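Examining the three-dimensional arrangement
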Amino acid sequence: MSNPIVHWVDGAEFTGTADNWADVTNPATGVVSGRVALANEADAQAVIDAAARASKGWAATSLARRTQILFAFRELLNARKDELAQLITAEHGKVHSDALGEIARGLEVVEFATGIAHLLKGGQSPNVSTGHDVHSRREPLGVVGIISPFNFPAMVPMWFFPIALAAGNAVVLKPSEKDPSAALWLARLWQDAGLPAGVFNVLQGDKTAVDALLTSPDIKAISFVGSTPIAQYVYENAARNGKRVQALGGAKNHMVVLPDADLDLAADAAVNAGFGSAGERCMAVSVLVAVDPIGDELIAKIAERTGRVVVGDGTKGYAEKEADMGPLVTRAHRDRVANFIESGEKAGAKVVVDGRDVQARGGAEGFWLGPTLFDNVTPDMEIYTEEIFGPVLSVVRVGTYDEAVALINANKYGNGTAIFTNDGGAARRFEQDIQVGMIGINVPIPVPVGYYSFGGWKSSLFGDSHAYGPEGVHFFTRAKVVTTRWIDPSNRPEGGLNLGFPRNV
């Protein structure tokens, strides 16, 4: 078999026993570039068993040694990031510069995790009661499962595994079967960094692999990013099996533009945030809310910029410039997004720019769809209510700031939103009024830096914990409180029975 993509167990490739394989395709050419193993239950158990065997030794490894390995991983990844970016571009389709940006944001979390010692410190309270001291400590959970999506095959896993490993947990990563090679590349890099065999493992597969992680008693926590229906499925099934869960779901991110905003800045931001990575981002701007009377002028500026977006194969170099946007990840997904465009047109929205007509710099069989801009979209249309996950930007016109806020707060998703304005008072009020987890003020994609935490509200998050940052440290550790009493031999208290409830005195 050409280019088999298999599991990673105990520091080595593991083919497994399953005879099920799936094609991995280069989205820019439509050509199958490899075949990925789809684990059966026995394969999944073998991977989980390896992690369980390694977890106790890793948890007992000194914090100093764990962070040294993280530093080594960080240096190796920074030096070899171009390799990983090329791999991502070939399997996902995003252009090379976008893949490098993904890695850079993941590196932020690695760097945060190298400083985890400060956040693992416990507290101490001496003599809380006569002769009694109390101290607390944070300990790893054991083995944790990470289920990552196709759109960020490096960054999303790096939201979780650096902190999980730094805290002393073993990891089983289940990447998307659409672009699985980045996970194996990262596993080899961990080995080069000195991570003991079995501490970081990769389980390739589909729903069978996912369900194995959700039900195994050896998996103590699940971190997931994907669509809302699957996030809810993961949350309910993992929680039913007694696991901690952080399941980040879908989004319908709005960008409000007030009449006083810098319209050139807003137009640039709308194009960048709406069409970057072909719109396959949970933080992409998919709805632009234009507050009267700037709608016509703003749409004209966005349309002009959209016409300059170069769509092409990110693995190829061109004399003029690198492509701005690559293909969609699969033919089925490309067709799904095209169907949404057709639905919006039939519903009465105005197609200002039609991505179905794109002339892409790439293979004729690539999964191409260009940037699409709609005007006069209303909240009852499918292109507004559904998460499209493609390069489609819908403009909704409203008369006032209050209408814009009401529109956003009525949406079932609560991931991220942005406002463009030069009015500090309006921006401050927006922070208070909007019911979402992440807000940008003149920032279209407000993904928090690594030492804060990422996550939305409402149907964009299932579970109580956001990703990475301080919340990530708490998610991957559990607290233990110890109360001690050491008797002073020179002042030994009188004994005797006392069946009353203990009191602090």
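Cut-off values and rules
Residues numbered from 1 in each chain as written. Predicted model: local features only at pLDDT ≥ 70, side-chain atom pairs only at ≥ 80, totals over all residues. Heavy atoms only, no water. Phe/Tyr/Trp six-rings, centres within 6.5 Å; stacked < 30°, edge-to-face > 60°. Helix = DSSP H or I, 4+ residues; strand = E, 2+ residues; numbered from the N terminus. Buried < 20%, exposed > 50% of the residue type's maximum accessible area, 1.4 Å probe, protein only. Axes fitted to C-alpha atoms, helices over the stretch in contact; angles between N-to-C directions. Parallel < 35°, antiparallel > 145°, perpendicular 65-115°, else oblique. Left-handed = near helix turned anticlockwise from the far one by under 90°. Contact = heavy atoms within 4.5 Å. Polar contact = N/O pair within 3.5 Å; in protein donor to acceptor, adjacent residues only side chain to side chain. Nonpolar A, V, L, I, M, F, W, Y, C, P; charged D, E, K, R; others polar. Expected span 1.5 Å × (residues − 1). Pairing = 2+ DSSP bridges. Salt bridge = Lys/Arg side-chain N within 4 Å of Asp/Glu carboxyl O. Right-handed = clockwise from strand over helix to strand, strands pointing away.

Side note on the packing of aromatic side chains
- Tallied over the entire structure, the rule returns 14 aromatic pairs.
- Pairing Phe 73 with Trp 190 gives two aromatic rings, centres 3.8 Å apart and planes at 10°, and the pair type is stacked. Of this pair, Phe 73 sits in helix α2 (residues 63-92) while Trp 190 is found in helix α5 (residues 181-193), placing the two residues 117 residues apart along the sequence. Both residues of the pair, Phe 73 and Trp 190, belong to the buried class.
- Taking 6.3 Å as the distance between ring centres and 35° as the angle between the ring planes, the aromatic pair formed by Tyr 235 and Phe 462 counts as tilted. With a gap of 227 residues between them, Tyr 235 in helix α7 (residues 228-240) and Phe 462 in strand β22 (residues 461-462) connect regions that are remote in the sequence.
- By way of ring pairs, the aromatic residues Phe 73, Phe 161, Trp 190 and Phe 200 are connected into one cluster.

A short note on the packing of helix α3 (residues 96-114) against helix α4 (residues 155-166)
- The geometry of α3 relative to α4 is characterised by a closest axis approach of 8 Å and an angle of 15° between their N-to-C directions. It follows from the interaxial angle that α3 and α4 lie roughly parallel. Handedness of the crossing formed by α3 with α4: right-handed. Together, Glu 102, Ile 103, Arg 105, Gly 106, Leu 107, Val 109, Val 110, Phe 112 and Ala 113 of α3 and Met 155, Met 158, Trp 159, Pro 162, Ile 163 and Ala 166 of α4 make up the contact between the two elements.

Structural notes on the environment of Thr 114
- Looking at the element boundaries, Thr 114 is found in helix α3.
- Thr 114 gets classed as buried once you look at its relative accessible area, which sits at 14%.
- The spatial distance from the C-alpha of Thr 114 to the C-alpha of Asp 375 is 47 Å, given a sequence separation of 261 residues.
- Excluding residues within four positions of it along the chain, Thr 114 makes contact with Thr 67, Leu 70 and Phe 71.
- A polar contact is formed between the side chain of Thr 114 and the backbone oxygen of Glu 111, at a distance of 2.5 Å.

Points about the packing of helix α8 (residues 263-275) against helix α9 (residues 295-306)
- Interaxial distance between α8 and α9 falls to 9 Å at its minimum, and their mutual angle equals 50°. The orientation of α8 relative to α9 falls into the category oblique. In the packing of α8 onto α9, the handedness of the crossing is right-handed. Contact residues: Leu 263, Asp 264, Ala 266, Ala 267, Asp 268, Ala 270, Val 271 and Phe 275 in α8; Glu 297, Leu 298, Lys 301, Ile 302, Arg 305 and Thr 306 in α9.
- Residue composition of the contact of α8 with α9, by class: eight nonpolar, one polar and five charged.

Quick notes on helix α10 (residues 331-347)
- Taking 1.5 Å per residue as the helical rise, α10 with its 17 residues ought to reach 24 Å, and the 24 Å between its terminal C-alpha atoms agrees with that figure.
- Tucked into the core, α10 has its buried residues touching β16 (372-375), α11 (382-385) and β17 (392-398).
- Backbone geometry just downstream of α10 places Gly 348 in the positive-phi region, at approximately 110°.

Here's the deal with unusual backbone geometry
- A cis amide bond links Asp 292 to the next residue, Pro 293, at an omega of 10°.
- In this structure, Phe 389 is a non-glycine residue whose phi angle is positive, near 60°.
- Mapped onto the elements, Phe 389 comes out in the loop between α11 and β17.
- Judged by relative accessible area, Phe 389 falls into the buried class, the value being 17%.
- Phi is positive for Tyr 468, which is not a glycine, with a value near 45°.
- Position of Tyr 468 among the secondary structure elements: in the loop between β22 and α14 (469-475).

Details of the sheet that holds strand β6 (residues 124-129)
- Read from one edge to the other, the open sheet built from three strands follows the order β6-β7-β23, with strand pairing classed as antiparallel. Of all the strands in the sheet, the pair left with one neighbour each is β6 and β23 (477-485). The average angle at which neighbouring strand axes cross in this sheet is 30°, direction not considered.
- Where β6 and strand β7 (residues 132-140) come together, three bridges link them in antiparallel fashion. Of the residues in β7, the one forming a bridge with Ser 125 is Val 134.

With respect to the pattern of salt bridges
- On inspection of all chains with the given rule, the structure shows 26 salt bridges.
- Between Arg 305 and Asp 268 there is a salt bridge, and its shortest N-O distance comes to 2.5 Å. Of this pair, Arg 305 sits in helix α9 while Asp 268 sits in helix α8, placing them 37 residues apart in sequence.
- One salt-bridge network, held together by shared partners, links Asp 264, Asp 268, Lys 301 and Arg 305.

Looking at the pairing of strand β9 (residues 170-174)
- Within β9, five of the five residues are buried, which leaves the element mostly enclosed by the surrounding structure.
- Alternating residues of β9 divide into Ala 170, Val 172 and Lys 174 and Val 171 and Leu 173, and every residue in both groups is buried.
- For strand β8 (residues 143-147) and β9, the ladder comprises five bridges, and the chain directions are parallel. Each residue of the ladder has a partner; that of Val 143, found in β9, is Ala 170.
- The parallel pair β8 and β9, bridged by α4, forms a crossover whose chirality is right-handed.
- Bridge count between β9 and strand β10 (residues 200-202): three bridges; the pairing is parallel. The residue of β10 that forms the bridge with Leu 173 is Val 202.
- Of the crossover connections in this fold, the one passing from β9 over α5 to the parallel β10 is right-handed.

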